[in-house]
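What the coordinates show
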Amino acid sequence: MTYQLLPSGRSEIEYLRVCVRSGGESLMKRILSEKAFEEAVRYIPGGVNSPVRALRAVGEKPLFVDHAKDVTITDIDGNDYIDFCLSWGVFIAGHANPVVQEAVQKAILNGTSYGIPTVLETHLAKRVSELIPSMERVRFVNSGTEAVMSAIRVARGFTKRNYILKFEGCYHGHADHLLVAAGSGVATCGMSSSAGVPDGFVQYTLVAPFNDKDAVEKIFAEYGDRIAAVIVEPVPANMGVVPERDGFLQYLRTITQQYESLLIFDEVITGFRLTLGGAQKFYGVTPDLTTVGKIVGGGFPAAAFGGRKEIMSMLAPEGPVYQAGTLSGNPIAMTAGLATLSVLSEKGLYNNLNIKAEKFIAELQSILRDKGVVINSVGNMFTPFFTEEAPRNFDDVSKSNQKEFARFWRYMLSNGVYLSPSQFESNFVSIQHTEEYLSDVLEIVRGY
């Protein structure tokens, strides 16, 4: 077996560990990660605190990370990887961004949580509202799951209706009533729902295929005056990236207004990812409620939901819909979020990022086309599917060759590239993915 070392002008990345090969074995040793996993399973179910991290879907054992910088992660065995997962989309500004790091280091000296308001919460809420005008009022929480759960509760309280409509393959967190035809880790594990969820908890959850206007119309024809809200990922990323087609998002806006239901955009992933104004600005469709997460916390546990003033006024202590959280709006997460948004506010940043990403994705598609791969993408988000046709819904995604995806994933890992470890997830390009990094990745892919 022969190995060809890659050229590189970046001395900080040890490309002696990265090689293009024709085989499937890795030169990288992960002895310490294996030992760490053996210990983890003794104390943590499955050895991980989120199922996709187990890497079972791609036939590997978990990596244990030591540190990360810019777009590289380094495991505890000292192996370096160019990262396209980026903590599932969080680090659009790169790992350990110096602006964010400096702000957080200063803030942490003042304490980490008070359970009492700080002006930082107001500053970040104001900034979010300025960037995403549909979020006139904002409530901070600690996770995307919590944000979505709370947004749906507010929608039901405001409309005085019970039913919600979601779409197959769209993942909105692990709240009981949303684990129906979910994507992300639920799909990765081959589960349609979850044990421990009583049937009664999902009796008010309706499901339709994404991009299917006829199915939505039929559901509204039967349940329209009882549907509190439609919730959708404007760019589904938890069944892999599946772009909307034929104005599907605008159609949802129209039909929800027709039936006086609310439209909720789950922008936990897309918030501040495609533009500062989120996917709703990218597509020009304004929802009633929005959830954001990941990027808004700058790498710390934070998320938010918000919308029109009259809807958000339903929240306690102003209204009758209860929601609370001890660590919500903690000063460290608020500081990290503010610093991240300041970095992303640089003029021309998103235009440059998306142009760079689209060029890279087009070249990636050109290389992989003969391998039976179709790449779905929106802006700087992308997923390679081993299938003949570009998937337009979860059923299409489910028919893709997941074994071949796993083989490709292992090949990329063994050559120093960390992709999101599931066919049902998105990959991300950050502002720190330089042309040099991307060129090296393309060279690796050519050896597949």
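Everything here concerns the structure above.
Below, the structure is looked at part by part. As the structure is a prediction and not an experimental result, all values here were calculated from the model. (Residues numbered from 1 in each chain as written. Predicted model: local features only at pLDDT ≥ 70, side-chain atom pairs only at ≥ 80, totals over all residues. Heavy atoms only, no water.)

**With respect to the overall build of the protein chain**
If you tally the helices and strands in the protein chain, you get 15 helices and 16 strands. Here the protein chain, with 448 residues, has 57% of them falling under the buried criterion. Partitioning the contacts of the protein chain with sequence separation of at least 6, the portion at a separation of at least 24 is 72%. Carbon and sulfur atoms provide 51% of the accessible area of the protein chain, an area that totals close to 19200 Å². (Helix = DSSP H or I, 4+ residues; strand = E, 2+ residues; numbered from the N terminus. Buried < 20%, exposed > 50% of the residue type's maximum accessible area, 1.4 Å probe, protein only. Contact = heavy atoms within 4.5 Å. Areas by Shrake-Rupley, 256 points an atom, 1.4 Å probe, with all protein chains shown as cover.)

**Some points on empty space enclosed by the protein**
All told, the structure shown has one cavity of 30 Å³ or more when counted by the stated rule. In this structure, the largest cavity spans a volume of roughly 50 Å³. At the level of secondary structure, the elements contributing two or more residues to the lining of the largest cavity comprise helix 12 (349-368), strand 14 (381-385), helix 14 (402-414) and helix 15 (435-446). Across the lining of the largest cavity, the residue classes break down as ten nonpolar, no polar and no charged. (1 Å grid on protein atoms, 1.4 Å probe; cavity = no way out; pocket = protein on both sides within 12 Å on 5 of 7 lines; lining within 4 Å. Points joined across faces, edges and corners; volume = space filled by probe spheres on them. Nonpolar A, V, L, I, M, F, W, Y, C, P; charged D, E, K, R; others polar.)

**So, the layout of surface pockets**
The volume enclosed by the second largest pocket comes to roughly 540 Å³. What lines the second largest pocket is a set of 21 residues, among which Glu121, Val138, Arg139, Phe140 and Leu315 lie closest to the centre. At the level of secondary structure, the elements contributing two or more residues to the lining of the second largest pocket comprise helix 4 (119-131), strand 6 (137-141) and helix 10 (309-312). Residue composition of the lining of the second largest pocket, grouped by class: eight nonpolar, seven polar and six charged.

**Considerations on the pairing of strand 7 (residues 163-167)**
Of all the five residues making up strand 7, five are buried; the element is thus mostly covered by neighbouring parts of the structure. Bridge count for strand 7 against strand 9 (residues 227-232) is three bridges, and the pairing is parallel. Bridged to Leu165 within strand 9 is Val230. Pairing between strand 7 and strand 8 (residues 205-208): four bridges, direction parallel. The residue of strand 8 that forms the bridge with Leu165 is Leu206. (Pairing = 2+ DSSP bridges.)

**Digging into the sheet that holds strand 10 (residues 262-267)**
An order of 6-12-11-10-9-7-8 is seen for the seven strands of this open sheet, with the pairing classed as mixed. Single-partner strands in this sheet number two, and they are strand 6 and strand 8. Recorded for the sheet is a direction-independent mean angle of 20° between the axes of neighbouring strands. Bridge analysis of strand 10 against strand 11 (residues 289-292) gives four bridges, and the strand direction is parallel. Of the residues in strand 11, the one forming a bridge with Phe265 is Thr290. (Axes fitted to C-alpha atoms, helices over the stretch in contact; angles between N-to-C directions.)

**Some thoughts on helix 7 (residues 213-223)**
Of the residues making up helix 7, those classed as buried are Ala215, Val216, Ile219, Phe220 and Tyr223. The buried side chains of helix 7 occupy one side of the element, clustering within an arc of 130° when seen end-on. In this structure, helix 7 carries Asp214, Lys218, Ala221 and Glu222 as exposed residues pointing more than 90 degrees from its buried face. If you follow the buried residues of helix 7, they end up packed against strand 7, strand 8, strand 9 and helix 8 (248-258). Regarding helix 7, its N-cap is Asp212, as a side-chain oxygen of that residue lies 3.2 Å from the backbone nitrogen of Asp214 further along. (Arc of directions from axis to C-beta. Polar contact = N/O pair within 3.5 Å; in protein donor to acceptor, adjacent residues only side chain to side chain.)

**Focus on the sheet that holds strand 5 (residues 80-83)**
With mixed pairing, the four strands of this open sheet are ordered in space as 3-4-5-15. Edge strands, defined here as strands with exactly one partner in the open sheet, are strand 3 (65-69) and strand 15 (417-418).

**A word on the pattern of salt bridges**
In this structure the tally under the stated criterion is ten salt bridges. The partner of Glu130 in a salt bridge is Arg127, and the shortest N-O contact between them spans 3.2 Å. On the criterion of helical spacing, the pair formed by Glu130 and Arg127 is a turn pair, its members being three residues apart in helix 4. Among the salt bridges present, the one from Asp288 reaches Arg253, with a minimum N-O distance of 2.8 Å. Of this pair, Asp288 sits in the loop between helix 9 (278-283) and strand 11 while Arg253 is found in helix 8, placing the two residues 35 residues apart along the sequence. Each member of the pair, Asp288 as well as Arg253, is classed as buried. By sharing partners, the salt bridges in this structure join Arg253, Asp288, Arg308 and Glu310 into a single network. (Salt bridge = Lys/Arg side-chain N within 4 Å of Asp/Glu carboxyl O.)

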